[in-house]
Number of protein chains: 4
Amino acid sequence: MIHRRRPDPNRRSARAQTAILKATRELIGEIGYDKMSIEGIAAAAGVGKQTIYRWWPSKAALVLDMWSPEVQQQLTFPNTGDLAADLKTQIISVIDLSNDPAFGPSFRALVAEAQHDEALASQLVERIFGPRIAAAKERLRAGQTEGQLAADIDLDLAIDLFYGGFYHRYLLRVAPLTHEHAEAVVDAVLAGIGGVPLTPPKRRRLVRARPAT
Amino acid sequence: MIHRRRPDPNRRSARAQTAILKATRELIGEIGYDKMSIEGIAAAAGVGKQTIYRWWPSKAALVLDMWSPEVQQQLTFPNTGDLAADLKTQIISVIDLSNDPAFGPSFRALVAEAQHDEALASQLVERIFGPRIAAAKERLRAGQTEGQLAADIDLDLAIDLFYGGFYHRYLLRVAPLTHEHAEAVVDAVLAGIGGVPLTPPKRRRLVRARPAT
Amino acid sequence: MIHRRRPDPNRRSARAQTAILKATRELIGEIGYDKMSIEGIAAAAGVGKQTIYRWWPSKAALVLDMWSPEVQQQLTFPNTGDLAADLKTQIISVIDLSNDPAFGPSFRALVAEAQHDEALASQLVERIFGPRIAAAKERLRAGQTEGQLAADIDLDLAIDLFYGGFYHRYLLRVAPLTHEHAEAVVDAVLAGIGGVPLTPPKRRRLVRARPAT
Amino acid sequence: MIHRRRPDPNRRSARAQTAILKATRELIGEIGYDKMSIEGIAAAAGVGKQTIYRWWPSKAALVLDMWSPEVQQQLTFPNTGDLAADLKTQIISVIDLSNDPAFGPSFRALVAEAQHDEALASQLVERIFGPRIAAAKERLRAGQTEGQLAADIDLDLAIDLFYGGFYHRYLLRVAPLTHEHAEAVVDAVLAGIGGVPLTPPKRRRLVRARPAT
DNA sequence: ATTTAACCGAGACGGTACGTCTAGTCTTGAT
DNA sequence: ATCAAGACTAGACGTACCGTCTCGGTTAAAT
């Protein structure tokens, strides 16, 4: 297997890079991720195709790069002291971003592409999902010490529960994404949905049986 | 908008149809969904390309058709009287199917394609997700009357909670899918993962009667 | 080699035959011979493709059949006693027919097709060119007995000379086809174009040396 | 009307061009013009289809290009001082070329295609027929000054007469093409084939001085 | 200050697959 | 048995992009 020689980042043309990202952003808005071709981006940016291939391994990687700033700044997790409220705030902002016509559809396309592009999949986890999950876990951990979250719960599982509903609806399109849904999810996950509260105010006590395996 | 004339299903060649589905199944196993082309399917099936285009609008639609039997027979939802156990059983069987190398990767590809193919997306909801969700809801409803599930919970939300974790890991690949995970999800969703509040907001006591398994 | 069973002409549907020829005539006028397909003719005639294939071996054969009446009635060669005048009259009528937008281009297409369709080529010679050449030869023979044409000239050669100029221009498009050209050809062929008539009225005597071989 | 952007001839790959022409020559010999496809040429030449489409508008144009050298070198018209002999020599060489199984049938196909391809028709006139006619006219003009051809004859007409017979037989296949036919045509055209008139219209005497061969 | 090595725009190249078109054959049901 | 209808196998069409490659022209560092 021959490895392509790595280009020298110091000599990279800022003009070309900017033009490529700009053209990508515009094209993705006009014709969408799937109809957009590297050929088209190069033409729109007034750039040789090779210049794109030199710096990005695929169309998806380019789009991922294009969004890094947007996603990065969404990273900070609020901490007002009220875990439920903070989770709701955060998930709602994710919903809003996913409903943004400039971001939602093309990020969806990125997730789609990652289903058959292993490199992209790890990039996504590494650069997008990983950091966000880490930030969320940190907030959850704080919640645990404050007693707002079961102390012995596995945080990865907690993430699944709080965010799984979102991805279920975002990627499968089985139901719409609303602020109310986000709030209902957080409440339900925290309170649990088992049992029949015959007399509403009286709630059950959490009895978790599994000791650490 | 010109609509292509519809072919007459009565005159459809059973031989061709069978050969196409068979070739699709084989090819998808050998080279995978993405490297498989309609051209290749036609050649492998000994069929004219037009015959494929006549009956299926896209490669994805063909693959969806190919799987309908498999998914259909997975539809029945167990009811042993123990809701938690039944949910675990069902989700575990979904996990097993998704981990089946013949099914998992190509179904993932289908979900991916649905991100930019509206027609496919609705087909998926209509033929795959819809019926399964309906079956699950029916079971949940039974659980509600038996007092194993909160009577006032929105069942679409319940579905999000029980299955969201699965899709989160299946599509985003942020963590592995195991039987243990399925069980932990069900338990956590039913019990809730909120902590013991230091301050008033009184919490419920867990009243769950595990019947003998 | 399997020979296709011959259909029974007695059971042939007159309606279908008429509709096919009519549709052919109309289509050839609208979109031209080359863009016209058997598929299209069948659709326009409200006839099954098989019905066309059953009775005609090719699109060209069908078009040839369609024109047979037109060409047939052009067959009679005038005989006013003046050979030169009759030839001019005849060639001019051929030129006019070839300049008829309904006939000229599609007959050209037929001749074109005959360049790679041996069966059509012989049909053309047999049904179109042969009879016309025979009629022309008959008239030339009469001219010979009347002393208006060299008695020992090979009539096939004579046909080449009188009509060759026409086909040269008709098929190669090297120069336009006019009535004047037809007249000039006939005059030149009869008188010959060798030598320099310094004093116009005085013309040379024909001395033909080749005795019958 | 959108005009396709023109490719840069300076960057044309000599290797590809050569391979394409070579493959065309071989294929046309093996399976003939009509069964030869651009797809097949590309495959045989080890070349992308686009590379053919980039430089040639049609299969016919490609074949025309392929033959240009052959036809070009046939261009010189002999001038031995004896017009009749030179015409015979020239026409015979044309007949021989047309009877060459490598050239004759496929050039016929080219002429056929030109009947419905205006661009090809003008290319043929411009690159093949035009130059040859010009060369012939030049020779004829020389003949006129030497008194071997009627001074007042229109040279386009003369071309029609000398070559029309050839094309009549070449394209209509009404009679075979032989050297004898070529010689008979030249003799007859120069001498004329009109009979000895019984009544006045005085006729010329043949005055032709054959120089020693 | 000049060399030299990389990047750059441009686009030709070998390929693959697309979705359409037509050829000519085969099948079905109606007349 | 013919007919209308149209599904079938086959395969070429011309287009769109892929990712690689070559070509001059232009920087920017290294001599």
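Note that this is a predicted model, so its numbers are computed, not measured.

Draft legend 1. Quick look at the overall build of chain A. A tally of regular secondary structure across chain A gives nine helices and zero strands. When the helices and strands of chain A are read in sequence order from the N terminus, they spell out α-α-α-α-α-α-α-α-α. Partitioning the intrachain contacts of chain A with sequence separation of at least 6 by distance along the chain shows that 60% fall at a separation of at least 24. When the accessible surface of chain A is totalled, it reaches about 11000 Å², and 54% of it is carbon and sulfur.

Draft legend 2. Representation of the protein's contact with DNA strand E within the structure. Taken together, 44 residues surround DNA strand E, and among them A:Pro7, B:Lys49, C:Lys49, C:Gln50 and D:Trp55 come closest. Backbone sugar and phosphate groups make up 61% of those atoms of DNA strand E lying within 4 Å of the protein. B:Lys49 is positioned with one of its side-chain polar atoms (N or O) 2.7 Å from a base oxygen of DNA strand E. Contact between DNA strand E and D:Arg15: a phosphate oxygen at 3.2 Å from a side-chain N or O atom of the residue. Counting only elements with at least two residues in the surface near DNA strand E, the list comes to α1 (14–30) and α3 (49–55) of chain A, α2 (38–45) and α3 (49–55) of chain B, α2 (38–45) and α3 (49–55) of chain C together with α1 (14–30) and α3 (49–55) of chain D. Split by residue class, the surface near DNA strand E holds twelve nonpolar, twelve polar and 20 charged.

Draft legend 3. Local environment of unusual backbone geometry. Although it is not a glycine, A:Arg173 adopts a positive phi angle of roughly 55 degrees. On the secondary structure map, A:Arg173 appears in the loop between α8 (155–172) and α9 (179–191).

Draft legend 4. The relation of the copies chain A and chain B, seen in detail. Take chain A, turn it by 179 degrees, move it 0.0 Å along the axis, and it overlays chain B with an RMSD of 0.2 Å. Taken together, the rotation and translation relating the two chain copies correspond to the operation of a two-fold axis. Of all interface residues in chain A, 96% are interface residues in chain B too; the two copies therefore contact each other through one and the same surface.

Draft legend 5. Here's a closer look at the domain arrangement of chain A. Residues and elements named next belong to chain A. Once the domains are mapped, chain A shows domain 1 (9–55) and domain 2 (67–193). Of note, the centres of domain 1 and domain 2, computed from C-alpha atoms alone, are 30 Å apart. A buried area of about 390 Å², summed over both sides, lies between domain 1 and domain 2, and 55% of it is on carbon and sulfur atoms. It is Arg25, Ile28 and Tyr33 in domain 1 that bury the most area against domain 2; as a group they hold 95% of the surface buried on that side. Seen at the junction of domain 1 and domain 2, the total is one residue pair in polar contact (both at pLDDT 80 or more).

Draft legend 6. Highlighting the interface of chain C and chain D. In this complex, chain C contributes 57 residues to the contact, which on the side of chain D involves 60 residues. Counting each side, the surface lost to burial between chain C and chain D is near 4800 Å², with a carbon and sulfur contribution of 62%. Our enumeration of links across chain C and chain D arrives at four salt bridges. Across the pair C:Asp160 and D:Arg169 runs a salt bridge whose closest N-O atoms are separated by 2.6 Å. Between chain C and chain D we count 22 residue pairs in polar contact (both at pLDDT 80 or more) in total. Counting only elements with at least two residues in the side of chain C that touches chain D, the list comes to α6 (104–114), α7 (118–145), α8 (155–172) and α9 (179–191) of chain C. Of all the elements, α8(C) adds the most residues to the side of chain C that touches chain D, at 16 residues. For the side of chain C that touches chain D, the per-class residue count stands at 32 nonpolar, eleven polar and 14 charged.

Parameters at a glance
Each chain carries its own residue numbering, running from 1 in the direction its sequence is written. Numbering of ligands from 1 and lettering of chains from A proceed in the order in which they are written. Reporting in this predicted model follows two pLDDT cut-offs: at least 70 for local features of residues, and 80 or more for side-chain atom pairs to be given and counted; totals over whole chains, interfaces and linings ignore these cut-offs and use all residues. Only hydrogens and water are set aside; all other atoms, that is, all heavy atoms of the structure, feed into the side-chain values. Here a helix means four or more residues in a row that DSSP labels H or I, a strand means two or more in a row labelled E, and each is numbered from the N terminus. Contact between two residues is taken to exist if any of their heavy atoms lie within 4.5 Å; hydrogens are not considered. All accessibility values rest on the Shrake-Rupley procedure with a 1.4 Å probe; residue burial counts only the protein chains present in the view. Summary of the distance rule: residues count as near a molecule or strand when at least one heavy atom falls within 4 Å of that molecule or strand. Contacts described as polar in this section are N or O atom pairs within 3.5 Å, which, within protein, must combine one atom able to donate a hydrogen with one able to accept it, while residues neighboring in sequence count only if both atoms come from side chains. Think of it as three bins: nonpolar holds Ala, Val, Leu, Ile, Met, Phe, Trp, Tyr, Cys and Pro, charged holds Asp, Glu, Lys and Arg, and polar takes everything else, Gly as well. Only residues with pLDDT of at least 70 in both copies contribute their C-alpha atoms to the least-squares superposition of the copies. Each domain's extent was defined by an automatic or database domain assignment. Here the buried area means the combined drop in accessible surface, using a 1.4 Å probe, for two parts upon being joined, counting both sides. Any Lys or Arg side-chain nitrogen located within 4 Å of an Asp or Glu carboxyl oxygen qualifies as a salt bridge.

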